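Residue-level structural notes
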Amino acid sequence: MTETTRHSLDDLLAIMARLRDPQRGCPWDVQQDFATIAPYTIEEAYEVADAIDRKDWHDLRDELGDLLLQVVFHAQMAQEQGLFDFADVAHAISDKMIRRHPHVFGDVSYDDVEAQKEAWEAIKAEERAAKGESHDDSALAGVSRGLPEWKRALKLQQRAAKVGFDWPDEQPVLDKLAEEIEEVRAEFAAGADKARLQDEIGDVAFVLVNLARHADVDFSQALRHANEKFERRFRGMEALAREEGVPLAERGLEAQEALWQRVKGGEVLP
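Thresholds applied
- Residues numbered from 1 in each chain as written.
- Predicted model: local features only at pLDDT ≥ 70, side-chain atom pairs only at ≥ 80, totals over all residues.
- Heavy atoms only, no water.
- UniProt positions renumbered as here; feature names shortened; annotations may be inferred.
- Axes fitted to C-alpha atoms, helices over the stretch in contact; angles between N-to-C directions.
- Helix = DSSP H or I, 4+ residues; strand = E, 2+ residues; numbered from the N terminus.
- Parallel < 35°, antiparallel > 145°, perpendicular 65-115°, else oblique.
- Left-handed = near helix turned anticlockwise from the far one by under 90°.
- Contact = heavy atoms within 4.5 Å.
- Nonpolar A, V, L, I, M, F, W, Y, C, P; charged D, E, K, R; others polar.
- Domains from an automatic or database assignment.
- Expected span 1.5 Å × (residues − 1).
- Polar contact = N/O pair within 3.5 Å; in protein donor to acceptor, adjacent residues only side chain to side chain.
- Buried < 20%, exposed > 50% of the residue type's maximum accessible area, 1.4 Å probe, protein only.
- Phe/Tyr/Trp six-rings, centres within 6.5 Å; stacked < 30°, edge-to-face > 60°.
- Salt bridge = Lys/Arg side-chain N within 4 Å of Asp/Glu carboxyl O.
- Lys, Arg positive; Asp, Glu negative; His and termini not counted.
- Patch = residues over 30% accessible without salt bridge, like charges linked within 9 Å, V, L, I, M, F, W, Y side chains within 5 Å.
- Areas by Shrake-Rupley, 256 points an atom, 1.4 Å probe, with all protein chains shown as cover.

By the naming in an unreviewed UniProt entry, the protein goes by Nucleoside triphosphate pyrophosphohydrolase and is assigned to Dyella marensis. Regarding the protein, the UniProt comment filed under Catalytic activity (unreviewed entry) reads as follows: "ATP + H2O = AMP + diphosphate + H(+)".

Take the packing of helix α3 (residues 34-53) against helix α4 (residues 57-80) next. Between α3 and α4, the shortest axis-to-axis distance is 9 Å and the interhelical angle comes to 160°. On the basis of the axis angle, α3 is roughly antiparallel to α4. In this structure, α3 crosses over α4, and the sense of that crossing is left-handed. In contact with Phe-34, Ile-37, Ala-38, Tyr-40, Thr-41, Glu-44, Ala-45, Glu-47, Val-48, Ala-51 and Ile-52 of α3, α4 contributes Trp-57, Asp-59, Leu-60, Glu-63, Leu-64, Asp-66, Leu-67, Gln-70, Phe-73, His-74, Met-77 and Ala-78. Here the contact of α3 with α4 is built from residues that sort into 15 nonpolar, three polar and five charged.

Attention shifts here to the packing of helix α11 (residues 219-243) against helix α12 (residues 253-265). Where α11 meets α12, the closest approach of the two axes is 9 Å, and the angle between their N-to-C directions is 115°. On the basis of their axis angle, the class for α11 and α12 is roughly perpendicular. As for the relative orientation of α11 and α12, their crossing is right-handed in sense. Facing α11, whose interface residues are Phe-230, Arg-233, Phe-234, Gly-236, Met-237, Leu-240 and Ala-241, α12 presents Gln-256, Leu-259, Trp-260, Arg-262, Val-263 and Lys-264. Within the contact of α11 with α12, the residues separate by chemical class into eight nonpolar, two polar and three charged.

The sites that UniProt annotates as "domain: NTP pyrophosphohydrolase MazG-like" (unreviewed entry) are residues 32-105 and 173-233. When the span residues 173-233 is considered, its composition is 87% helix and 0% strand, and the gap between its end C-alpha atoms is 30 Å.

Moving on, we come to the domain arrangement of the protein. Split by domain assignment, the protein resolves into domain 1 (9-84) and domain 2 (221-266). Between the C-alpha centres of domain 1 and domain 2 the distance comes to 37 Å.

Let us look at helix α9 (residues 170-189). For α9, with 20 residues, the first-to-last C-alpha span of 29 Å sits near the 28 Å given by 1.5 Å per residue. With a side-chain oxygen lying 3.0 Å from the backbone nitrogen of Gln-171, the N-terminal cap of α9 falls on Asp-169. Once α9 ends, the next one or two residues include Gly-191, with phi positive near 120°.

What follows covers the environment of Met-97. Mapped onto the secondary structure, Met-97 falls in helix α5 (residues 86-100). The exposure class assigned to Met-97 is partly exposed, which follows from its relative accessible area of 30%.

With that settled, consider the packing of aromatic side chains. Tallying each qualifying case throughout the model produces four aromatic pairs. Between Phe-230 and Trp-260, the aromatic rings sit 5.7 Å apart at their centres with planes inclined by 40°, giving tilted as the arrangement. Of the two residues, Phe-230 is situated in helix α11 and Trp-260 in helix α12; the sequence distance between them amounts to 30 residues. Exposure remark for Phe-230: the relative accessible area of 48% places this residue in the partly exposed category. An aromatic cluster of at least three residues, connected via ring pairs, comprises Phe-230, Phe-234 and Trp-260.

Counted according to the given criterion, the structure contains 21 salt bridges. Among the ionic pairs, Lys-176 bridges to Glu-180, the shortest N-O distance being 3.4 Å. With Lys-176 and Glu-180 both in helix α9 and four residues apart, this pair spans about one turn of that helix. A residue is classified by how much of its surface remains accessible, and Glu-180, at 5% relative accessible area, is buried. Notably, a salt bridge pairs Glu-187 with Arg-196, separated by 3.4 Å at the nearest N-O pair. A relative accessible area of 14% places Glu-187 in the buried class.

This part is about the side chain of Glu-63. Within the secondary structure, Glu-63 is located in helix α4. No salt bridge is formed by the buried Glu-63; its nearest oppositely charged neighbour, Arg-54, is found at 5.6 Å. Discounting residues that sit within four places of it in the chain, Glu-63 has contacts with Glu-44, Glu-47, Val-48 and Ala-51.

Before going further, it helps to spend a moment on unusual backbone geometry. Not every positive phi belongs to a glycine, and Lys-55 is a case in point at roughly 55°. For Lys-55, the location among the structural elements is in the loop between α3 and α4.

With that settled, the discussion passes to a nonpolar patch on the surface. Residues Leu-9, Leu-68 and Val-71 make up a contiguous nonpolar surface patch of about 210 Å² in total accessible area. Topologically, Leu-9 is positioned in helix α1 (residues 9-19).

Right, here's the structure in full:
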């Protein structure tokens, strides 16, 4: 192939098959299984979200390719075990999209977006029943345990809110957050039993997700921005310390805090 040749999906499938070839492939790729690749799949999905957040469309193209490779990798391993192949994956998602959008691919109509969402959940419930899953008529039925825990918390809260179990606005949530933080303080004061602290800190995290939901803020994006802000400021501290000839690690906490405040004070607010 020449440098100007545009590779196709078939090329990618062939590349993956070659990488997994026991005799001619890559030893690392050959050694992998579903469990070892799963963490990379999750990581690549977050890389896609990060590129979108940064509005780096060139990087988004590359990250989507990395995510597609994860799908191809899993499909290749499944094909080797006689479970399914990539074509089966494409067929399954196509069939699901057609089935879940009868208002687009059929003659069904909905009055509004809310009605469409309710129908979507009803269709998903029918799919679970068709798979032979045990009947669960809870409002929380179908919330996956495979989600990141903050995302599962959000889904559980959204489901509960649909049946009216929700605070009317953000103020009760803020009050609850203050209450949960005080309970964490009490656990520390009582001797900081790890199991109790885990329980109470979990409550704080759950309420924080709820607060973000009431504020219509994406919790993951908010945390990602906080991480970026911390990294930017910390790196700024390190740079100032180097300029002054005294490494950050050789300064006491008070001196480090002074650098932090200098960096923070010099930032241009958005």
